[in-house]
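Tertiary structure, described
One letter stands for each residue in the lines below.
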Amino acid sequence: MIEKLTLPRQISLPSDQDATGRTLGDEEIRFLADVIEKGVLTSTKGNYVKEFERQFAARLGVQHAYCASHGTAALHVAYAAIDPEPGDEFVTTSITDMGALTPILYQGAIPVFCDVDPRTLNVTAETIERVLSPRTKAIIVTHLFGQPCDMGPIMELARSRNIPVIEDCAQAFGARYRGQLVGTMGDIACFSLQQGKHITTGEGGVVVTNRDDLARRSYLYINKAWGYGDPKPDHYFLALNYRMNEISGAVALAQLGKLDFSVNARIEAAKQLTAALSGIPGLGLPEFGSDYVHSYWKYCLTVDGDRIPGGAVGLAKELKEQFGIFSAPRYIQKPAFRCQIFADQVTFGKSRFPFTLARPEAVDYSEGLFSGTFKGLNDVLVLPWNENYAQQHVDFIAEAVKESISKLKGDVDG
Ligand SMILES: *Cc1c(COP(=O)(O)O)cnc(C)c1O
């Protein structure tokens, strides 16, 4: 028997898609008003973006931080800073945001997908090593959902082969591995300030690095490769305008002051849910040991369909129909390589460039090579997560999950 739910049947959860689940307030309004009153809206002349970059670098303890217009742009900047030759390979994860993948193709390089650990949906040294080749130009590690990758073995592997590592921290502000903040372990790292991330400017991104050479190329790439401040400036190479504007910069600076709150509140709420849900047979929780501080962009369950009938899809259906909780079974639904752009190689006109330069093994998307990916996507249930969750929200989710599982298992509920 399960206890009767004492909570209201449905309560509405704070959402990161509107003010209920965001930390936007007076500070943002004050900085925005200042930008408008001054009338300096470009970051080439204003100070908000510059100040954000200074403070963001200081928080991470890195030498350089540059804002970009989007997380996707920040990743493009990082890839362009690495400067691949056409046909060079970037090893990356089969489970990520498309914005982390398409810029590889724009730089003429080949995304080579590696498998993931089905428990965390993260890449590992072992899955990366399997796909390395003499053409590997960089390794991208994505700290998915706020869960850091196992960076020790990954960095050891990368250093031994002399391959630079790009950290995609779009979902992982404030996450740590063995005490170190994500974004400080690889050669260059990217963050996103999109609406649904830990802090937001609606759209926005940041690229950080300790390497002066990558910093210089990043700065130039964001600025059409114009050598501002140089004795004889020129447009040195092919590049775009990826600058963040001062309106976004003002919001970003105000939001930065709330980042610790956002991270800590998400972690605290997650601890409560983990305590409430531990010990349920067939339900996996995001707890992976003391090397990791997970910063909970989302809270992921893994649902063993053999022990919980209906699996992640069944549980999501119950959560939605009975409790109005919208979770995401299968996260991005299918591995990235199953999207049309990769499956049919749809790029520039009919050329298929740069796939035309790829080794056949680099674009082998056979299911058997990605068992962890398919297993991980099959089992995962992504719960919406938020810094404004109060005890009642966590209790509601916990009871909803427990009651839904009982129902799926066929326990009789009065
Ligand atoms: C959000 C996200 C991106 C892209 O960032 P945008 O700001 O949406 O362009 C890239 N990678 C990951 C892992 C993301 O979650």
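Everything here concerns the structure above.
Residues numbered from 1 in each chain as written. Predicted model: local features only at pLDDT ≥ 70, side-chain atom pairs only at ≥ 80, totals over all residues. Heavy atoms only, no water.

Let us now look at the site of the ligand. Not every one of the 15 residues close to the ligand is listed here, only the nearest: Thr72, Asp168, Gln171, Ser192 and Lys197. Contact distances for the ligand include 2.8 Å between an oxygen atom and a side-chain N or O atom of Gln171. For the ligand, an oxygen atom lies 3.0 Å from a polar atom in the side chain of Lys197. For the ligand, whose accessible area on its own is 380 Å², the fraction buried by protein is 92%. Here the shell around the ligand is composed, by residue class, of three nonpolar, nine polar and three charged. (Near = heavy atom within 4 Å. Polar contact = N/O pair within 3.5 Å; in protein donor to acceptor, adjacent residues only side chain to side chain. Areas by Shrake-Rupley, 256 points an atom, 1.4 Å probe, with all protein chains shown as cover. Nonpolar A, V, L, I, M, F, W, Y, C, P; charged D, E, K, R; others polar.)

Evaluated as defined, the whole model comprises 23 aromatic pairs. Ring geometry for Phe173 against Phe191: centres 5.0 Å apart, planes inclined by 40°, an arrangement best described as tilted. Taken as a pair, Phe173 in the loop between strand E5 (165-168) and strand E6 (176-177) and Phe191 in strand E8 (residues 188-192) lie far apart in primary sequence, 18 residues in all. Each member of the pair, Phe173 as well as Phe191, carries the same accessibility label: buried. Above the plane of the ring of Phe237 lies Arg217, whose end atom (NZ or CZ) is 4.4 Å from the centre. (Phe/Tyr/Trp six-rings, centres within 6.5 Å; stacked < 30°, edge-to-face > 60°. Helix = DSSP H or I, 4+ residues; strand = E, 2+ residues; numbered from the N terminus. Buried < 20%, exposed > 50% of the residue type's maximum accessible area, 1.4 Å probe, protein only. Lys NZ or Arg CZ within 6 Å of the ring centre and 35° of its normal.)

What follows deals with the packing of helix H10 (residues 311-323) against helix H13 (residues 391-409). At a minimum axis distance of 9 Å, the contact between H10 and H13 shows a crossing angle of 120°. The angle between H10 and H13 falls in the class oblique. The handedness of the crossing between H10 and H13 comes out as right-handed. Judged by residue contacts, Gly314, Leu315, Glu318, Leu319, Gln322 and Phe323 of H10 engage Phe396, Ala400, Val401, Glu403, Ser404, Ile405, Lys407 and Leu408 from H13. Residues belonging to the contact of H10 with H13 are distributed by class as follows: eight nonpolar, three polar and three charged. (Axes fitted to C-alpha atoms, helices over the stretch in contact; angles between N-to-C directions. Parallel < 35°, antiparallel > 145°, perpendicular 65-115°, else oblique. Left-handed = near helix turned anticlockwise from the far one by under 90°. Contact = heavy atoms within 4.5 Å.)

Right, let's get into the nonpolar core. Phe56, Ile128, Leu283 and Leu301 are the most contacted members of the largest nonpolar core, which totals 99 residues. The element that contributes the greatest number of residues to this core is H13, accounting for eight residues. Contact partners of Leu301, with chain neighbours within four places excluded, come to Leu277, Leu283, Gly284, Leu285, Leu315, Asp379, Val380, Leu381, Leu383 and Val401. Core analysis: the second largest hydrophobic core is formed by 39 residues, Tyr66, Ala100, Tyr242 and Phe337 among them. (Core = buried A, V, L, I, M, F, W, Y, C linked by side-chain atoms within 4.5 Å.)

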